[in-house]
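Close look at the chain arrangement
This is what each chain is made of:
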Amino acid sequence: MPMRKGPTSKPLTDGAAVDIDAVETSEWVEALDAVVTHDGPDRARQILTRVVERAQHAGTGPIASLNTPYFNTIPAEREAQLPGDPALERRLRSIVRWNAMAMVVRANERSHGIGGHIASYQSLAVLYEVGLNHFWRGSTEQGEGDLVYFQGHSSPGNYARAFLEGRLTAEQLDGFRHEVSRPGGLSSYPHPWLMPDFWQFSTVSLGIGPITSIYQARFMKYLHARGLAETNGRKVWCFVGDGEVDEPETMGSAGLAGRERLDNLIWVVNCNLQRLDGPVRGNGKIIQELESDFRGAGWNVIKVVWGSRWDPLLAQDTDGRLVRVMEECVDGEYQTYKSRDGAYVREHFFGKDPVLLKRVAHMSDEEIWLLNRGGLDQQKVYAAYHEAVRHTGQPTVILAKTIKGYGMGASGEGQMVTHQAKKMTDDALLAFRDRFELPLTDEQVLAAEYYKPPEDSPEMQLLRDRRAALGGTLPVRRREAGPLEIPTLDTFKGQLDGTGEREISTTMAFVRVLAALLRDKAISTHVVPIVPDESRTFGMEGLFRQIGIYSPAGQLYQPQDSTQLMFYKEDQHGQILEEGITEAGSISSFIAAGTSYSNHDLPMVPFFIYYSMFGYQRVGDLVWAAADSRARGFVLGGTAGRTTLNGEGLQHEDGHSHVLFSVVPNCRAYDPAFGYEVAVIIQDGLRRMFAEQEDVFYYLTLMNENYRHPAMPAGAEDGILRGMYRLREGGSKRSRRPRVQLLGSGTILNEVLAAADLLREDWGVEADVWSVTSFTQLRREGIEAERWNMLHPTADPRQPYVAQQLSDGVPTVAASDYMRAFADQIRQWVPGPYRVLGTDGFGRSDTRAALRGFFEVDRHYVAVAALRELDPARAQEAIERYDLNPEAPMPTSV
Ligand SMILES: Cc1ncc(C[n+]2csc(CCOP(=O)(O)OP(=O)(O)O)c2C)c(N)n1
Ligand SMILES: [Mg+2]
């Protein structure tokens, strides 16, 4: 069979490749040249735009490409000039380079395999240092500074600079990646949790920095629009790896930045052409690909491809031959060039065109080798940054071409394996010293000694002067902001008193709590509701009108429902962040708002509510980053519970998000059943986070099942917060009746209460019932007590709270709408037999009653589970009486 032909590589504009009337073409080109010469490029663009528009009317289809040729966006003659002493700046940067490399080499000599990266920072040292010396402002009394999202695995570069700045000692540098065994040791990557005075942003999981930086910039615009903070003029900078752009989080929200014209956002993509395993686009060109992607998304794109040493060659290139070869070469070739030498570049690059070979005939191999890349040229980088910070109306991306492992020579420069190189050969170390002209003896070099010039040296003066002029050092993280005035519990009286005959859901209870907060004078402006297109699902659409949906454009249309009371109101001063369908974007907003106390000295209280199934399992890594970032606020998993959200089926019904959230150390996760529990948890959460400054956040599941909510039993608060409290007591303990203890959480608590009735009425069994608001909190307290007991073997043992609550010798049954692992968390502290029911398996759609029967968490199964511990014969009777099928397959298997 003949092979099917693949797509051709011919460009779509193929017809244009064959010029059918070269004279006519050159007349057009000459006319254009004349316009540029006489009226300037702006006028040329105006005319061309009009001409293209006209042509498209005639049916030509797309003409203009989003790409420009493979050279710098800013022509050499238009570059802003790097001020000061470029040679001195290079010397300072070389010292930072050395120390960054040395700390990794030393760490791995001490502890083989401890890891660390050399190559990435060496490729972006210029990109950092130009920013630090000229652009990035620190926070001062006069105002907050810029926010820089540094690349995670380039942390040695930040540490090396902090060492010169006197913020870190040599001992601390030697504690790189030894945070446990060396006090003051430095974390591998930027972790606010581990270095809370230093790192601001958790960036190392690739893609997290980029998406959170977009929502940070957007949140700053939001704060400004609402008149809460002066964020104008402050910039968010984010360093992105060229391999990192393949993470969906990286590019997934680029459109938002363009659409909302986030001109306070600057991304620098370090196009060193390599990721971990090999080239990013060996067969293509990452810079060209990204240029059109970003431009299409509405960004201002500045390409910094070639360094100054290319300027004369490019100036000579009136026939475009050099640029043509530059465009023909793919990134795989560009990588190889820089792993070889000048002779190789002459032969394989310039050799592609005999005319070019002649053009460089006068240059030595050494001179050819020194032809530098834009991202490694401080002048080019300065010019790009200068333009980026002045650009208005759009976010800017700088696509900077560099070399991975720059300066590592035979130990890594441009090599496939460079990403993971943690060592340097002796020769490579000596060559590094020579290349960067470091005043170190051979012995110092071979011992990879740190180098700090005398305090009065010009390098140190430059370092200090520049940072002083820019408002101090960076990164610096603020641990806390002034406390908020927290409403007292009776603010939520409506929830505490119960609903009487009325049936509502916990979602509705939450919305009422939120409404009460929005009425509270002290806290209302700090509240940030965040919703990914589910407000109507949760009955929150009333807020649209009441507090408005933030939109930088306001509302340019009359909404379809404008005549209604609760119309869809977009507003420049809106308070709701209606994110559209992006859970990743929404949690990025949560992080921005939840860390506002630190980054903007302004505590904000995010309430991020979404479909619980599309939460942790969708954006788990961002949840982890929120935790690391010490974000404070409330995450609300709506329509939760495997059997409670009943009609939606397998991909919607969540019976495990509590297990997933239980892994986050500083997340307090609750599964409340009643409105007063919701109110108590939220009120206490506000107190902890925004008055006591605890670095925790909350996960609450909310359900859509309507039922009556009782009034809060007196004194229940403490138990609600700790994770369980006795809701109902069985008959007198003196009666001779058999007894069980029943635990229920979320909506399944109602089944448990019904089971208690069945047990009494049908089987003469008394049951005490606990509402368990958090198996996860109970477990935490239990393991803490257990650990203390282990380490204090001769002291009076502490009794975990679970054990204090439950009686020994009485069987206990727990049921929840989550997989058994959730309630199993407390097993070892339950005295006596413990039987757990849960919703393990795939969800499916049916009525709640059918689902609860299927997953065996309804009142009948709870009763059977209890009887099974008391008297197997009676349990058998109950199975028959309630018509349960003992041979039904395990829900996990069907
Ligand atoms: C989500 C995620 N996947 C994988 C990694 C492991 N990792 C760290 S750096 C890296 C390569 C990064 O390449 P690039 O983005 O081009 O950055 P460069 O080091 O080249 O600047 C990988 C795969 C990670 N940190 N995060
Ligand atoms: Mg890379």
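If you're wondering where the values come from, they're calculated on a predicted model, not measured in any experiment. (Residues numbered from 1 in each chain as written. Chains lettered and ligands numbered in written order. Predicted model: local features only at pLDDT ≥ 70, side-chain atom pairs only at ≥ 80, totals over all residues. Heavy atoms only, no water.)

**Topic: the site of ligand 1**
Rule in force here: Whether a residue is near a molecule or strand depends on its heavy atoms: if one lies within 4 Å, it is near. Two N or O atoms count as a polar contact when they lie within 3.5 Å, although within protein this holds only if one can serve as hydrogen donor and the other as acceptor, and sequence-adjacent residues are included solely when both atoms are side-chain atoms. Areas reported here follow the Shrake-Rupley algorithm with a probe of radius 1.4 Å; residue values treat only the protein chains shown as occluding.
Close to ligand 1 lie 18 residues; Ser 120, His 153, Asp 242, Gly 243 and Lys 404 are nearest. Interatomic distance of 2.9 Å between a side-chain N/O atom of Gln 151 and an oxygen atom of ligand 1. Here an oxygen atom of ligand 1 sits 2.9 Å away from a polar atom, N or O, in the main chain of Gln 274. Compared with its free state, where it exposes 580 Å², ligand 1 has 76% of that area covered by protein.

**Examining helix 18 (residues 426-435)**
The periodicity of an α-helix, 3.6 residues per turn, causes residues three or four places apart in sequence to face the same way. This is how it is decided: Exposure classes here rest on a 1.4 Å probe applied to the protein chains alone. A residue is buried below 20% of its type maximum, exposed above 50%, and partly exposed in between. Counting from the N terminus, the helices are the DSSP runs of H or I reaching at least four residues and the strands are the DSSP runs of E reaching at least two. Residues count as neighbours in contact if any of their non-hydrogen atoms are within 4.5 Å of one another.
Within helix 18, burial applies to Ala 428, Leu 429, Leu 430, Phe 432 and Arg 433. On its buried side, helix 18 packs onto helix 3 (86-110), helix 4 (119-134) and helix 19 (442-446). Positive phi appears at Glu 437, one or two residues downstream of helix 18, with a value of about 50 degrees.

**Some remarks on the pairing of strand 3 (residues 265-271)**
Convention followed: Strand pairing is defined by DSSP finding a minimum of two bridges between the two strands.
Most of strand 3 is tucked away: seven of the seven residues are buried. Along strand 3, one buried face is formed by Leu 265, Trp 267, Val 269 and Cys 271 and the opposite face, lined by Ile 266, Val 268 and Asn 270, is buried too. Pairing between strand 3 and strand 5 (residues 396-401): six bridges, direction parallel. Within strand 5, the position partnered with Asn 270 by the bridge is Ala 400.

**Quick notes on the packing of aromatic side chains**
Note the cut-off: Classification of ring pairs uses Phe, Tyr and Trp, with its six-membered ring standing for Trp, and accepts pairs whose centres are within 6.5 Å; under 30 degrees between planes counts as stacked, over 60 as edge-to-face, and the remaining range as tilted. Here, over-ring charges are defined by two tests on the NZ atom of lysine or the CZ atom of arginine: distance to the ring centre within 6 Å, and angle to the ring normal within 35 degrees.
Evaluated as defined, the whole model comprises 53 aromatic pairs. Their ring planes at 45 degrees and their centres at 5.9 Å tell us that Tyr 70 and Tyr 334 sit as a pair that is tilted. Note that Tyr 70 is positioned in the loop between helix 2 (41-57) and helix 3 and Tyr 334 in helix 13 (residues 331-339), a separation of 264 residues in sequence. Overall, the relative accessible area of 0% leaves Tyr 70 in the buried class. On the basis of an interplanar angle of 65 degrees and a centroid distance of 6.0 Å, the ring pair of Tyr 159 and Phe 176 is categorised as edge-to-face. With Tyr 159 in helix 5 (residues 155-164) and Phe 176 in the loop between helix 6 (170-174) and helix 7 (208-225), the pair connects residues that are 17 residues apart, well separated along the chain. Owing to a relative accessible area of 0%, Phe 176 belongs among the buried residues under this scheme. These aromatic residues form a ring-pair network of at least three members: Tyr 121, Tyr 128, Phe 135, Trp 136, Phe 150, Trp 237, Phe 239, Tyr 382 and Tyr 385. Of note, Lys 285 hangs over the ring of Tyr 70, and the distance from its end group to the ring centre comes to 5.0 Å.

Such coordinate-based values are descriptive only and should not be taken to indicate function.
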